[in-house]
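# Close look at the chain arrangement
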Amino acid sequence: MIDSIRQVIEQVEKNPVNAFPSPLLTGYSGKRMIAALQGFTSLLEGKDGVCYLEIGVFQGLTLLSVAGANPKVPCFGIDNFQAHDPEKKNMNILLERRQKLGLDNAHLINMDYEDALENLPKYTQGRKIGVFFIDGPHDYRSQLMCLQLAMPHLTDDAVIIVDDSNYLHVRQANRDFLVTHPEYKLIFESYTPCHPTNMTAAQEAEAREGWWDGVNIIVRDKANALPAQYPPTRRNRVLFENDHLTHASRIGELAPRALTVLNLLFTGRFLRAAKNLQATYREYKNLRFKGQFDDANTFTQ
Ligand SMILES: C[S@@+](CC[C@H](N)C(=O)[O-])C[C@H]1O[C@@H](n2cnc3c(N)ncnc32)[C@H](O)[C@@H]1O
């Protein structure tokens, strides 16, 4: 299986071909990523009791592209539609697209990924995951938990594809998983110099043809055939250690807001800083989860 996985990657690097192109399918993913997911999933064809699973469906670009290219393979996608969905329309867009494309093998598990993975056999009718695509919440803990919670449900030769591996904290989660679970090996990695949001139009077009926002591909290597390799991270762990202070603060939930305000102030954008501060204060007033003390809150009441 590892050789076949490698062949798919080599093929996709040379010439990524979308085996199920459709003008209906738009979303956040690169051409190489879609071709690789389709290619890995084609390796499951004819095998009983296995499936493709992804976390982070959005409007269905990856789930439906994979299901369309592999109509005989059951494909599952987990999403609770909590992000990138201000008008709450993504689930309907996904279901409409699935119906228009007639993809009966594409199944939505409309849940938080932790709840879904903890009871996965219930939703996949006991199928094991042969191809696992992680493209949901990108915080460090979620990235690590996606890997850890999926472990009991993976086939012996599963392939795991982690999108958005450009991010340092995503690479750190992958590294921490690989170091602590030596039977899993990094087989491929690719990055761009920045997130597509910060790219020029030309760079973004190139990322769309490629892996979009960086990728790590991990295989289960029970025979220990591959050497151990890790994605690059920084030895300085201060950002991860800051977690402790954020968690124990009275208003830890506002940390992202506070950073936005400070960054605007320090870069001289005072009007925007003031507007953001107002919004932060409104959020502070409605905050439900506040600590009793300024810091060192233990939440043990
Ligand atoms: C970047 S989008 C996925 C893009 C998608 N793969 C595509 O083909 O366009 C990330 C998705 O993860 C979902 N998500 C975020 N946190 C989640 C959670 N805790 N449980 C389940 N899904 C989650 C969001 O609702 C969002 O739709």
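Residues numbered from 1 in each chain as written. Predicted model: local features only at pLDDT ≥ 70, side-chain atom pairs only at ≥ 80, totals over all residues. Heavy atoms only, no water.

With that settled, the discussion passes to unusual backbone geometry. Here Ala-296, not a glycine, exhibits a phi torsion of approximately 55°, which is positive. Although it is not a glycine, Phe-299 sits at a positive phi angle of roughly 50°. Position of Phe-299 among the secondary structure elements: in the segment after helix 12 (270–286). (Helix = DSSP H or I, 4+ residues; strand = E, 2+ residues; numbered from the N terminus.)

Right, let's talk about the packing of helix 1 (residues 2–14) against helix 2 (residues 31–42) for a bit. Two numbers describe how helix 1 lies on helix 2: the axes approach to 9 Å, and their chain directions differ by 150°. It follows that helix 1 is roughly antiparallel to helix 2 by the angle criterion. Helix-helix and strand crossings are classified by hand; for helix 1 and helix 2 the assignment is right-handed. Residues Ile-5, Val-8, Ile-9, Val-12 and Glu-13 of helix 1 touch helix 2, and the partners they reach there are Arg-32, Ala-35, Ala-36, Gly-39 and Phe-40. Taken together, the residues that form the contact of helix 1 with helix 2 break down as seven nonpolar, one polar and two charged. (Axes fitted to C-alpha atoms, helices over the stretch in contact; angles between N-to-C directions. Parallel < 35°, antiparallel > 145°, perpendicular 65-115°, else oblique. Left-handed = near helix turned anticlockwise from the far one by under 90°. Contact = heavy atoms within 4.5 Å. Nonpolar A, V, L, I, M, F, W, Y, C, P; charged D, E, K, R; others polar.)

All told, the structure shown has 12 salt bridges when counted by the stated rule. The closest approach of N and O atoms between Arg-220 and Asp-156, which form a salt bridge, is 3.8 Å. One end of the pair, Arg-220, is in strand 7 (residues 215–220); the other, Asp-156, is in strand 5 (residues 154–163), with 64 residues separating them in the sequence. Residue classification places Arg-220 among the buried positions, given a relative accessible area of 14%. What emerges from the salt-bridge pattern is a single network uniting Asp-156, Glu-183, Arg-220 and Lys-222. (Salt bridge = Lys/Arg side-chain N within 4 Å of Asp/Glu carboxyl O. Buried < 20%, exposed > 50% of the residue type's maximum accessible area, 1.4 Å probe, protein only.)

Here we take up the pairing of strand 4 (residues 128–134). Extensive coverage of strand 4 is indicated by the burial of six of its seven residues. Here strand 1 (residues 50–55) pairs with strand 4 via six bridges, running parallel. In the strand pairing of strand 4, Val-50 is matched with Lys-128. Taken together, strand 4, helix 7 (residues 140–150) and strand 5 constitute a β-α-β crossover, and its handedness is right-handed. (Pairing = 2+ DSSP bridges. Right-handed = clockwise from strand over helix to strand, strands pointing away.)

Another point: the side chain of Asp-79. Among the secondary structure elements, Asp-79 is positioned in the loop between strand 2 (75–78) and helix 4 (90–101). Lys-88 is the oppositely charged side chain nearest to the buried, salt-bridge-free Asp-79, at an N-O distance of 8.3 Å. Here Phe-81 takes part through its backbone nitrogen, which lies 2.5 Å from a polar atom of the side chain of Asp-79. Here Asp-79 is in contact with Gly-56, Val-57, Phe-58, Leu-108, Ile-109, Asn-110 and Met-111, once residues within four sequence places are set aside. (Lys, Arg positive; Asp, Glu negative; His and termini not counted. Polar contact = N/O pair within 3.5 Å; in protein donor to acceptor, adjacent residues only side chain to side chain.)

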